[in-house]
Amino acid sequence: AAGKLVEREFTCPVCGTAFYAKLDVNPGQYDMRLDLKPIGDAPAPWRLPDCPKCGFVIYAISLSKAELAAHKRTVASPEYAASLRRSSYYRLGLLYAGAGRPDFAVANAFLKASWQEEASPADLKDDLASSLKYFTAAAASPKSSLVERENSQLLMGELLRRLGRFEECAAHLKALRGTKGFTNNFFGDVVDYQLKLCVGRDAGIYEMEDVRASKRSLFGRLGWQYKKFMRKFEKKPV
């Protein structure tokens, strides 16, 4: 089902507009970049129904009265009106923040917005900075689960590096190195790999497989680099 779409009818809960929207079908297994963006045929990110009239992004089948009231206030705000040119997940981040959703959820919405807006350097920087803000809050919040805190701490390193804040990134990652949750596991390998990128002041985009390849023999590393190189020339389906 990779790359396939289905079409469904929706009614916007904010303004009542009825419309059709295309949705993604589950692609199965896939690999990811260090910013968690799926690689290959996987949707990146999943499509969200987007009201053509008011711009509300439908992210749930049903909403509570409190959530709907909060979203109506957000949609009516000047900030949301100005955001209609932006990606659906950027607006989802504004909706989540306006409704008081957990910092981890808001951070992930802005992170996915960064995947949608990679072609616009200014918007991408805004997305990464917004995501970093909420992941930082999630990492420090007692309301976050242990998994959310650890994932937030790891993604803070990725976002700081992508934003070119190498000294902050290195200090953050060095504080994680050797701590519980980042020792003798893949999270620890990511920390070490990110630190090497910081030394080279490299703000580029890398994959989880780059981390795995860095621990292989020279032959294994060269094989992975060749595979990445050839991927650029693969024929894309129409």
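For the structure, check the block above.
Residues numbered from 1 in each chain as written. Predicted model: local features only at pLDDT ≥ 70, side-chain atom pairs only at ≥ 80, totals over all residues. Heavy atoms only, no water.

So, unusual backbone geometry
Operational definition: Labels follow the DSSP assignment, with helices taken as runs of H or I lasting at least four residues and strands as runs of E lasting at least two, numbered in each case from the N terminus.
Its identity as a non-glycine residue notwithstanding, Leu36 has a phi of 75°, on the positive side. You will see that Asn184, though not glycine, has its phi angle at about 55°, which is positive. With respect to the helices and strands, Asn184 occurs in the loop between helix 7 (166-176) and helix 8 (186-199).

Here we look at the packing of helix 4 (residues 103-116) against helix 5 (residues 121-140)
In plain terms, the rule: Axes here refer to lines fitted to C-alpha atoms; in helices the fit is confined to the stretch in contact. Angles between the N-to-C directions go from 0 to 180 degrees. Throughout this description, any angle smaller than 35 degrees is read as roughly parallel, any larger than 145 degrees as roughly antiparallel, any in the 65 to 115 degree range as roughly perpendicular, and the remainder as oblique. Each crossing gets its hand from how the near helix is turned against the far one by less than a right angle, where anticlockwise is left-handed and clockwise is right-handed. Contact between two residues is taken to exist if any of their heavy atoms lie within 4.5 Å; hydrogens are not considered. Only Asp, Glu, Lys and Arg are considered charged, only Ala, Val, Leu, Ile, Met, Phe, Trp, Tyr, Cys and Pro nonpolar, and every remaining residue, Gly among them, polar.
Relative to each other, helix 4 and helix 5 sit at 160°, their axes nearing to 8 Å. In this view, helix 4 runs roughly antiparallel relative to helix 5, as classed from their interaxial angle. Pair helix 4 / helix 5 crosses with left-handed handedness. Of the residues in helix 5, those touching helix 4 at Asp103, Phe104, Val106, Ala107, Asn108, Phe110, Leu111, Ala113 and Ser114 are Leu124, Asp127, Leu128, Ser130, Ser131, Tyr134, Phe135, Ala137 and Ala138. Among the residues forming the contact of helix 4 with helix 5, the class breakdown is 12 nonpolar, 4 polar and 2 charged.

Considering the state of the cysteines
In a disulfide, the sulfur atoms of two cysteines are held together by a covalent bond. Selection criterion: Note on terminology: disulfide denotes any pair of cysteine sulfur atoms within 2.5 Å. Relative accessible area decides the class of each residue, using a 1.4 Å probe on protein chains only: under 20% of the type maximum gives buried, over 50% gives exposed, and in between gives partly exposed.
Taken as a whole and assessed by the stated rule, the structure comprises 0 disulfides. Among the cysteines around Cys12, which has no disulfide bond, Cys54 carries the closest sulfur, lying 3.6 Å off. The structure places no disulfide on Cys51, whose sulfur is separated from the nearest cysteine sulfur, that of Cys15, by 3.5 Å. We classify Cys51 as buried; its relative accessible area is 3%.

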